[in-house]
Amino acid sequence: MKYLKINTENQADLEALKNAVLQLKGVATVEIIDDENPESELKKAFAKTKEQLKTGDYETLVNDIFDIITKNNSKK
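Summarised in this report is the structure supplied together with it. (Residues numbered from 1 in each chain as written. Predicted model: local features only at pLDDT ≥ 70, side-chain atom pairs only at ≥ 80, totals over all residues. Heavy atoms only, no water.)

## A closer look at a nonpolar patch on the surface
Next, step 1: The grouping of Leu4, Ile6, Leu14 and Leu17 at the surface amounts to a nonpolar patch, some 360 Å² of accessible area in total.
Next, step 2: When you line up the elements, Ile6 lands in the segment before α1 (14-22).
Next, step 3: According to the relative accessible area criterion, Ile6 is partly exposed, its value standing at 44%. (Patch = residues over 30% accessible without salt bridge, like charges linked within 9 Å, V, L, I, M, F, W, Y side chains within 5 Å. Areas by Shrake-Rupley, 256 points an atom, 1.4 Å probe, with all protein chains shown as cover. Salt bridge = Lys/Arg side-chain N within 4 Å of Asp/Glu carboxyl O. Helix = DSSP H or I, 4+ residues; strand = E, 2+ residues; numbered from the N terminus. Buried < 20%, exposed > 50% of the residue type's maximum accessible area, 1.4 Å probe, protein only.)

## Points about the environment of Val30
Next, step 1: One can find Val30 in the loop between α1 and α2 (38-55).
Next, step 2: When the C-alpha positions of Val30 and Leu17 are compared, they lie 9.5 Å apart, and in sequence the two are 13 residues distant.
Next, step 3: In this structure Val30 touches Lys18, Val21 and Leu22, once residues within four positions along its chain are discounted. (Contact = heavy atoms within 4.5 Å.)

Right, dumping it as structure tokens:
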């Protein structure tokens, strides 16, 4: 999987940008990440994990955890 990082100005309409990028061929998902507010990202991650556990989506949960571990190890 490849990622595209887009830096925006403060007044950018992030939802409009997200919708525009989703229209491009080959784009599976778009996630808005706020580097200035990492706590909100942590809350989103916990909410996602909680929802995965509720729905029994254990495969995705394990894959997400594996991705986090491998990303952290590759940075060292």
